[in-house]
Amino acid sequence: MKRPFVQFSFKDLQAEFKRAKRVNDTEALSSLRRELEQRKKNPNAPLLLADVLKAIAEIGPEPQGDFFREPKPSANGSNRQRVKHTQPAASRTAAPKYKPTAEQGDAVDAFVARNSLKINAYAGTGKTSTLQMLANATGARGQYIAFNKDIVTDAKDKFPNTVNCSTSHSLAMRATPSGYKQDMSKLTGKVNTNQLVEMLGLKREKFDQSHLLQPRSQAFLMLETVKKFAQSADPTMESTHVPVHGALRAASPETAVAIREFALEGARFVWKRMLDERDPLPLGHDGYLKLWGLSQPTIAADFILLDEAQDTNPVVLDVLRRQAAQMIYVGDRYQQIYEWRGAINAMEEVQTNHTTFLTTSFRFGDTIAAVASQVLGLLGETRSITGNPGIRSRLASVSSPNAILAWTNASTIAAVIEALDQGQKPHLVGGNKDLMDMLRGVQALKAGEPSDVADFFGFANWNEVVEFSRTDEGAHLVTFVNLVESRGEKQLMWALNHTVGVDEGTVVISTAHKAKGREWTSVRLMDDFMKSKATKTEKVGLDAAELRLLYVAITRAKELLDIPLPLADLIAGRPAEPARAVPVRPNNVSGKPVSIAASAKAPAAPAPKHFTPPPRSVPPREVRPMAQDERRPKARPKRTGLMRWLLGE
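Keep in mind it's a predicted model, so treat the numbers as computed, not measured. (Residues numbered from 1 in each chain as written. Predicted model: local features only at pLDDT ≥ 70, side-chain atom pairs only at ≥ 80, totals over all residues. Heavy atoms only, no water.)

Caption draft 1: Just the pairing of strand S13 (residues 520-525), in detail. Across the 6 residues that make up S13, a large majority, 5, are buried. As defined by bridge partners, strand S10 (residues 403-406) adjoins S13 across 3 bridges and the pair is classed as parallel. Bridge pairing in S13 places Leu405 opposite Leu525. Pairing analysis gives 4 bridges linking S13 to strand S14 (residues 557-562), with the strands arranged parallel. When the sheet's bridge partners are listed, Arg524 is paired in S14 with Asp562. (Buried < 20%, exposed > 50% of the residue type's maximum accessible area, 1.4 Å probe, protein only. Helix = DSSP H or I, 4+ residues; strand = E, 2+ residues; numbered from the N terminus. Pairing = 2+ DSSP bridges.)

So, in structure tokens, the structure goes:
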């Protein structure tokens, strides 16, 4: 028997009853009846059940055909339950007092007309205020969903009390079976590679004459496979969930297949243990969100607002596609920047009855809007951004910007060093942990130990990373390799340890990814954006993901924007092919094929390896987080002072 409300609290069941009765949703009322009949221990269940039976009798029976099919919402939501928007009641928050723009008015009209809706909102165009207008235009019950906890906290102070504001993870956690909540470390903890090695009793595995996978590397690959599966909408774990990291990029097909099969077998065993409520192996945040998705839950709301829909978790999008509520997807399809970790651009993927646009930015003036529009043009967009006439923005060289933005983490190290050289106090957005972990990974590889860093997976030593960075597959590591080889990881750690908190900082340094959702008066871009190459006659090679990230970086500035000349030429249609930096070659490179990275020649087909589940008697140690990162190359200009000393120029 299907129980769509099995994870609902009794309060949620009461709210769902009110909704179903108001819109004459006989299917929901029938499901409520079956659910309440199962909840015999709740003393309030009989009273609510009586109300449900009375409502069903008043509405009348469903047509007979409805009992023999399970309705599935169409791609554009045309067969969703039509919500009845009523006059809004008094709210804990005041409705926006400013007059809506014509574009915002279009969005409100489409919402009130009960259409499934996409609101394409360019950077700084008043997305949040528009959502407030929608929420205050009805007395119906709404659910606002965002990934970021800070955004949700801010939304709670702005939306009326008829709208519940939650992260997708908080919705999932509330619905998680109680057995997982007996010990919160089981629900929210995380296991690292060293712990998994001990728990599974992993040993070195040889896949052919030249390829050995160390226990920590095996554990890392299994955990990454579980993570990729948990973040997908797929019902089962398959070989496609085994990621290709580090040295696996250059491995022979035979070796890659053998390792993939071994990792998949181990990952399935790990996931099975995670699902066991009595097993100490943590489920983790990705895990309970996946469980929520697999349960096909029903969200108790008349309409659902999904914010930042351009970077939607596949699990969440799959859940929302199954809802009968009116769906409103809000976001900027050109600000999708997490495609590399599996996020789906719902602004392009999902079809709705109606689409509206917000194109007038309140953040910056016409000059910055024009540059952003040029980038959108490179992405094929014909609809331009309009600047705020009340703000004077300009392009200029800025000696002391409020923020310096880079594409790669490696380039943020160079920006930190430059700021220290100028006597400034740099604040690194997101802290220095990711970079410090990567530099510690360098130390481990130099000591002949495997590293937990994704980019270093499968390498036996640092020399192999240096050699790998010379290949096309390893080009993203060139800048980082150059920094390490020129001055050493200890000096780079010293520089990172001299970053300060946000309140103490005189300049903010960030990757464009971490700058998302932020804004500054003046912004300078580093010269590591857009590694793609293009000719003068055609835009061949311009990567859409890189263009989107560049668009995000440009639109963080309000008044002053400093763009490197080669990048400005590229945006304006005058691309110049950048020179590729060549990593420094250390004196002690042996070139011997000691790990996966050295598989230049295809070895004999490896013998199949099978993961053997270990005894379950070994308990886990304290759980600690594991960092991951991605980086790419850039060339550096000559520096002076501390910058010159650290970089050896």
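Caption draft 2: View of the sheet that holds strand S3 (residues 163-167). In spatial order, the strands read S3-S2-S6-S7-S1-S8; together these 6 strands make up an open sheet with parallel pairing. Every other strand in the sheet has two partners, leaving S3 and strand S8 (354-358) as the edge strands with one partner each. Averaged over all pairs of adjacent strands, the angle between strand axes in this sheet comes to 15 degrees, irrespective of strand direction. Two strands pair when backbone bridges link them, and strand S1 (residues 117-121) and S8 are joined in this way by 5 bridges, in the parallel orientation. If you follow Ile119 over to S8, its bridge partner there is Thr356. (Axes fitted to C-alpha atoms, helices over the stretch in contact; angles between N-to-C directions.)

Caption draft 3: Spotlight on the sheet that holds strand S9 (residues 394-395). Overall, parallel pairing links the 6 strands, which are arranged S9-S14-S13-S10-S12-S11 in an open sheet. Pairing within the sheet leaves two strands with one partner each, and these edge strands are S9 and strand S11 (426-428). Sheet strands touched by helix H16 (residues 409-421): S10, S11, strand S12 (507-511) and S13. Its angle to S12, the strand with the most contacts, is close to 165 degrees. (Contact = heavy atoms within 4.5 Å.)

Caption draft 4: The arrangement of the packing of aromatic side chains in detail. Evaluated as defined, the whole model comprises 7 aromatic pairs. Between Tyr144 and Phe159 the ring centres are 5.1 Å apart and the planes differ by 35 degrees, which places this aromatic pair in the tilted class. In this pair, Tyr144 sits in strand S2 (residues 142-146) while Phe159 sits in the loop between helix H6 (149-156) and S3, placing the two residues 15 residues apart along the sequence. A single burial state applies to Tyr144 and to Phe159, both of which are buried. With a centroid separation of 6.2 Å and 40 degrees between ring planes, the pair formed by Phe456 and Phe480 is classed as tilted. With Phe456 in the loop between helix H17 (433-446) and helix H18 (462-468) and Phe480 in helix H19 (residues 478-487), this residue pair connects regions lying 24 residues apart in the sequence. Like Phe456, the residue Phe480 is buried in the burial classification. Among the aromatic residues, those joined into a cluster by ring pairs are Phe456, Trp462 and Phe480. Lys290 extends its terminal NZ or CZ atom over the ring of Phe229, reaching a point 4.5 Å from the ring centre. (Phe/Tyr/Trp six-rings, centres within 6.5 Å; stacked < 30°, edge-to-face > 60°. Lys NZ or Arg CZ within 6 Å of the ring centre and 35° of its normal.)

Interpretation in functional terms is not warranted from these geometric data alone.
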